[in-house]
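Observations on the three-dimensional arrangement
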Amino acid sequence: MGFKVIILAAGKGTRFKSELPKVLHKILGKPMLWYVVKAAEEAGADEIVVIVGHKKNLVEKFLEEENLPVKTIVQKEQLGTGHAVLCAEETFKNYDGKVIVLNGDTPLINPEDIKNLVSIDSDMVVLTGETETPRGYGRVIRDGGEVLKIVEEKDATDEEKKIKEINSGIYAFRVKPLFEALKNLKNDNAQGEYYLPDVLKIFKEKGLKVKAVKTEDFNSIMGVNNRYELSRAERILSERIIKNHQLNGVTIHNPESCYIEPEVNIGKDAEIFGPVYLKGKTSIGERCTIGAFTEIVDSVIEDEAVVKTHCHVEKAHLKKGASAGPFSRLREGTVIETGARTGSFVETKKAHLKEGAKANHLTYLGDCTIGENTNIGAGTITCNYDGYNKWRTEIGKNVFVGSNTLFIAPVNVGDNSITAAGSVITKNIPENTLAIARAKQINLEGRAEKIRERNKRKKK
Ligand code: UD1
Ligand code: CA
C-alpha cells in the first residue's frame with residue numbers, strides 16, 4: 001500500500017542550547033534528520049515532505065547537499081506540532097491516501113515500525129511505547145484497551161504523570177479527516193500551542209477509528225531533546241551498527257570503544273581493534289586488519305590491506321594487501337599499491353607508492369610518484385611547496401633513496417638510481433646513477449683537543 005510522509009523539523013530545540021537547529025545535530029556524523037528521512041525511504045514512502053521553519057536555510061541547505069529526495073514546506077511561526085502538519089494541507093489537497101507523521105528528533109525510528117503503522121486498517125494509528133522514565137513525553141490515557149486521549153507532560157495531573165505508556169509523536173492518518181481535525185484544534189493548554197496529539201480526541205468524537213500500537217523496541221521511538229539524549233541515541237545506534245557488522249562476519253575487539261558511521265562498509269573476516277574511528281564513506285575490504293587508535297575517513301582499504309595502530313587516513317586508497325603504520329598519516333589523494341607500505345611518522349599527500357615501494361620511517365611524501373620496489377630512506381622529504389606553488393617529484397623504480405635526502409621539486413629520478421644520504425637533490429637524476437649532493441667531509445686531526453682547551457679557557 002502506498003503512503004506519504006510528513007517529517008516535523010521546524011522547531012528550535014530550545015533544550016539543546018544551540019545556535020544550530022535541533023534536527024541538524026549529529027549522531028555518528030549525520031544530522032538526526034538524515035536518519036528520519038532514510039527510515040521513511042526504507043519503509044517505502046512515495047513522497048517525503050519536511051516541515052522547516054527555525055533557521056530553515058540551514059536545514060534546506062543540508063537536505064540539498066545530501067541530495068535527499070524530499071520536498072520542504074515552511075512553517076513561518078512555530079505554533080505547535082498540529083499547526084506544523086496543517087502547513088502541508090495545500091500539498092496534500094489532491095491526495096486521499098495514508099500519511100505518516102514522523103519527528104525530526106526521533107532519529108532511531110525503525111522502518112519496520114513505520115511499515116507496521118501503514119499496514120493497520122484505521123483512520124488514525126498512534127505509535128506508543130512503554131518506559132520506566134516517561135518524563136517529558138505525552139502520556140497515553142486509556143480506558144481498558146481503548147485509547148482516549150494523549151496528555152502532554154506539562155498539562156498532566158500527578159496521576160497521569162505516573163502512566164508509563166508514552167506517545168512517540170509518530171502516527172498514521174487518513175489524510176482527509178486529519179486536515180479537517182487540524183482546523184478544529186485549540187491552543188488552550190500549558191504551552192499555548194496547537195498540539196497534534198489533540199486530533200486523537202477529535203477523531204474519537206467524530207466516531208472515527210483510532211488505534212494505539214506499542215513498539216517492541218522503545219529505542220526506536222526515543223525522542224532527542226537535549227545533548228544528553230543525543231549521546232544516548234548515538235550509543236544505541238552505534239551498538240546497532242556494530243552488531244550488524246559483527247553478524248555480517250567482521251571481528252570487532254573492544255566494540256564499546258569503536259565509532260563507526262552508518263555509511264561505512266566492512267568486508268567479512270576483517271578484524272578491527274578498538275578504539276577506532278571509521279568515518280564517512282569509508283570502505284574496508286575482506287580480511288583487512290585495522291589497528292587501535294586509528295581514524296579512517298572517506299577512504300578505500302582493499303582486501304587484506306593492513307592499517308596498523310595510531311594512523312590517520314583521509315581520502316586515501318590502500319590497494320589489496322598494502323600496509324600502513326604504525327603512526328602513518330595518509331592524506332588526500334594518497335594511493336598505496338599492493339605490497340607497498342608506509343611506516344612510522346610517515347606523512348603522505350597525493351603520493352602514489354607503486355607496487356612494493358617502501359617508506360618505513362620519518363618521511364614526508366607530497367605530490368609524488370614512488371616507483372615499483374623503490375626504497376625511501378628515513379628522513380626523506382619531497383620539498384613540494386616553494387611558498388607559491390606545489391611541484392611534483394617523480395621517482396622511478398628500484399631506486400634507493402639514502403636517508404635524509406631532500407628532493408627540491410620539480411625533480412625526476414630515473415629507474416635503478418641511488419641518492420647518497422643527506423643529499424639535497426635539485427637536478428634531475430638519470431637512470432642507473434649515483435647522485436651525491438652534499439658538502440665533502442674534511443677531517444682535521446687533533447683539532448678536537450684544541451677546541452676543548454680553548455673552551456675551557458673561555459669558561460674562566
Ligand atoms: C512531542 C509530542 C509528545 C510526544 C513527543 C515524542 C506534541 C504536542 N507532543 O513532544 O506527545 O511524546 O513529541 O517525542 O506533539 N515542531 C515543528 N513545529 C512546531 C513545533 C514542533 O515542526 O511548531 C517539530 C520539532 O522540530 C520536533 C517535533 O516537531 O521535530 C516535535 O516537537 P517537540 O517540541 O520536540 O515536541 P515534544 O515536546 O518532544
Ligand atoms: Ca521532541
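Before reading further, recall that the structure is shown in the block above.
Residues numbered from 1 in each chain as written. Chains lettered and ligands numbered in written order. Predicted model: local features only at pLDDT ≥ 70, side-chain atom pairs only at ≥ 80, totals over all residues. Heavy atoms only, no water.

1. What to know about the coordination of the calcium ion (ligand 2)
Six octahedral donors at a metal ideally form angles of 90 or 180 degrees, and four tetrahedral donors ideally form angles of 109.5 degrees. The calcium ion (ligand 2) binds to the protein through Asp105 (OD) and Asn225 (OD1); the donor distances cover 2.2 to 2.5 Å. Residue Asp105 is found in the loop between strand E6 (98-103) and helix H4 (111-119), and its partner Asn225 is found in the loop between strand E11 (210-214) and helix H8 (227-247); the two are separated by 120 residues along the sequence. A single burial state applies to Asp105 and to Asn225, both of which are buried. (Donors = N, O, S within 2.8 Å, 3.2 Å for Na, K, Ca; no water. Helix = DSSP H or I, 4+ residues; strand = E, 2+ residues; numbered from the N terminus. Buried < 20%, exposed > 50% of the residue type's maximum accessible area, 1.4 Å probe, protein only.)

2. Considering the site of ligand 1
Contacts to ligand 1 come from 23 residues, most closely from Gly11, Gln75, Thr81, Glu152 and Asn167. Within the side chain of Thr81, an N or O atom sits 2.7 Å from an oxygen atom of ligand 1. Isolated, ligand 1 exposes 760 Å² of accessible area, and the fraction of that covered by the protein chains is 91%. Its atoms largely coinciding with the cavity grid, ligand 1 occupies the largest pocket. Of all the secondary structure elements, the ones that give two or more residues to the shell around ligand 1 are strand E1 (3-9), helix H3 (81-86) and strand E10 (165-174). Across the shell around ligand 1, the residue classes break down as 8 nonpolar, 11 polar and 4 charged. (Near = heavy atom within 4 Å. Polar contact = N/O pair within 3.5 Å; in protein donor to acceptor, adjacent residues only side chain to side chain. Areas by Shrake-Rupley, 256 points an atom, 1.4 Å probe, with all protein chains shown as cover. 1 Å grid on protein atoms, 1.4 Å probe; cavity = no way out; pocket = protein on both sides within 12 Å on 5 of 7 lines; lining within 4 Å. Sits in = over half its atoms within 2 Å of the grid points. Nonpolar A, V, L, I, M, F, W, Y, C, P; charged D, E, K, R; others polar.)

3. A few points about the layout of surface pockets
Roughly 1200 Å³ of volume is contained in the largest pocket. Considering the residues around the largest pocket, the lining is formed by 42 residues, among which Arg15, Lys22, Thr81, Asp105 and Asn225 are closest to the centre. Of all elements in the fold, only E1, H3 and E10 reach the threshold of two or more residues within the lining of the largest pocket. With 4 residues, the single largest contributor to the lining of the largest pocket is E10. Its residues assigned to classes, the lining of the largest pocket shows 13 nonpolar, 19 polar and 10 charged. Roughly 630 Å³ of internal volume is contained in the second largest pocket. Elements with a minimum of two residues in the lining of the second largest pocket: helix H1 (32-43), H4, H8 and strand E14 (265-266). Broken down by element, the lining of the second largest pocket gets its largest block of residues, 6 residues, from H1. For the lining of the second largest pocket, the class distribution of residues is 12 nonpolar, 5 polar and 7 charged. (Points joined across faces, edges and corners; volume = space filled by probe spheres on them.)

4. A closer look at the nonpolar core
By size, the foremost hydrophobic cluster in this structure holds 95 residues, and its most contacted members are Leu33 and Leu278. Considering every element that reaches this core, the biggest residue donor is H1, with 9 residues. With near-sequence residues (within four places) excluded, Leu33 lies in contact with Ile7, Ala9, Val23, Val50, Val59, Phe62, Leu63 and Gly104. Ranked by size, the runner-up nonpolar core spans 33 residues in total, among them Ala84, Ala88, Val126 and Ala212. (Core = buried A, V, L, I, M, F, W, Y, C linked by side-chain atoms within 4.5 Å. Contact = heavy atoms within 4.5 Å.)

5. Some thoughts on the packing of H1 against H4
Running from N to C, H1 and H4 point in directions that differ by 50°, and their axes come no closer than 8 Å. Here H1 lies oblique to H4, going by the angle between them. Crossing hand, H1 versus H4: right-handed. Along the contact surface, H1 presents Ala39, Ala40, Glu42 and Ala43, while H4 presents Pro111, Ile114 and Lys115. By residue class, the composition of the contact of H1 with H4 is 5 nonpolar, no polar and 2 charged. (Axes fitted to C-alpha atoms, helices over the stretch in contact; angles between N-to-C directions. Parallel < 35°, antiparallel > 145°, perpendicular 65-115°, else oblique. Left-handed = near helix turned anticlockwise from the far one by under 90°.)

6. With respect to the state of the cysteines
Scanning all chains against the criterion turns up 0 disulfides. The cysteine Cys288 is free of any disulfide, with Cys311 supplying the nearest cysteine sulfur at 13 Å. We note that Cys383 lacks a disulfide partner, and the nearest cysteine sulfur, in Cys368, lies 11 Å from it. The class of Cys383 is partly exposed, set by a relative accessible area of 23%. (Disulfide = S-S within 2.5 Å.)

7. Some remarks on the pattern of salt bridges
Per the counting criterion, the structure on display carries 29 salt bridges. Across the pair Lys319 and Glu337 runs a salt bridge, and its minimum N-O distance is 3.3 Å. Taken together, the residues span a long stretch of sequence, with Lys319 in the loop between strand E23 (317-318) and strand E24 (323-324) and Glu337 in the loop between strand E26 (335-336) and strand E27 (341-353) at a distance of 18 residues. For Glu337, a relative accessible area of 14% puts it in the buried group. (Salt bridge = Lys/Arg side-chain N within 4 Å of Asp/Glu carboxyl O.)

8. Overview of the environment of Lys427
Of note, Lys427 is situated in the loop between strand E36 (424-425) and strand E37 (434-435). Between the alpha carbons of Lys427 and Ala409 there is a distance of 9.0 Å; along the sequence they are 18 residues apart.

9. A few points about the pairing of strand E9 (residues 146-151)
In this structure, strand E8 (residues 139-143) lies alongside E9, joined through 5 bridges in antiparallel fashion. Opposite Arg142, over in E9, you have Val147 as the bridge partner. (Pairing = 2+ DSSP bridges.)

10. Section: the side chain of Asn189
Mapped onto the secondary structure, Asn189 falls in the loop between helix H6 (175-182) and helix H7 (199-205). Given a relative accessible area of 17%, Asn189 falls into the buried group. A polar contact is formed between the side chain of Asn189 and the backbone oxygen of Glu193, at a distance of 2.7 Å. Not counting the four nearest positions on each side in its chain, Asn189 is found in contact with Asp155 and Tyr195.

11. Brief notes about helix H2 (residues 56-65)
Think of an α-helix as turning once every 3.6 residues; residues three or four places apart then point the same way. Within H2, the full set of buried residues consists of Val59, Phe62 and Leu63. Taken end-on, H2 shows its buried residues confined to a sector of 100°, consistent with a single buried face. Turned more than 90 degrees away from the buried face of H2, the exposed residues are Asn57, Glu64 and Glu65. In the core, the buried residues of H2 are packed alongside strand E3 (30-31), H1, strand E4 (47-52) and strand E5 (71-74). (Arc of directions from axis to C-beta.)

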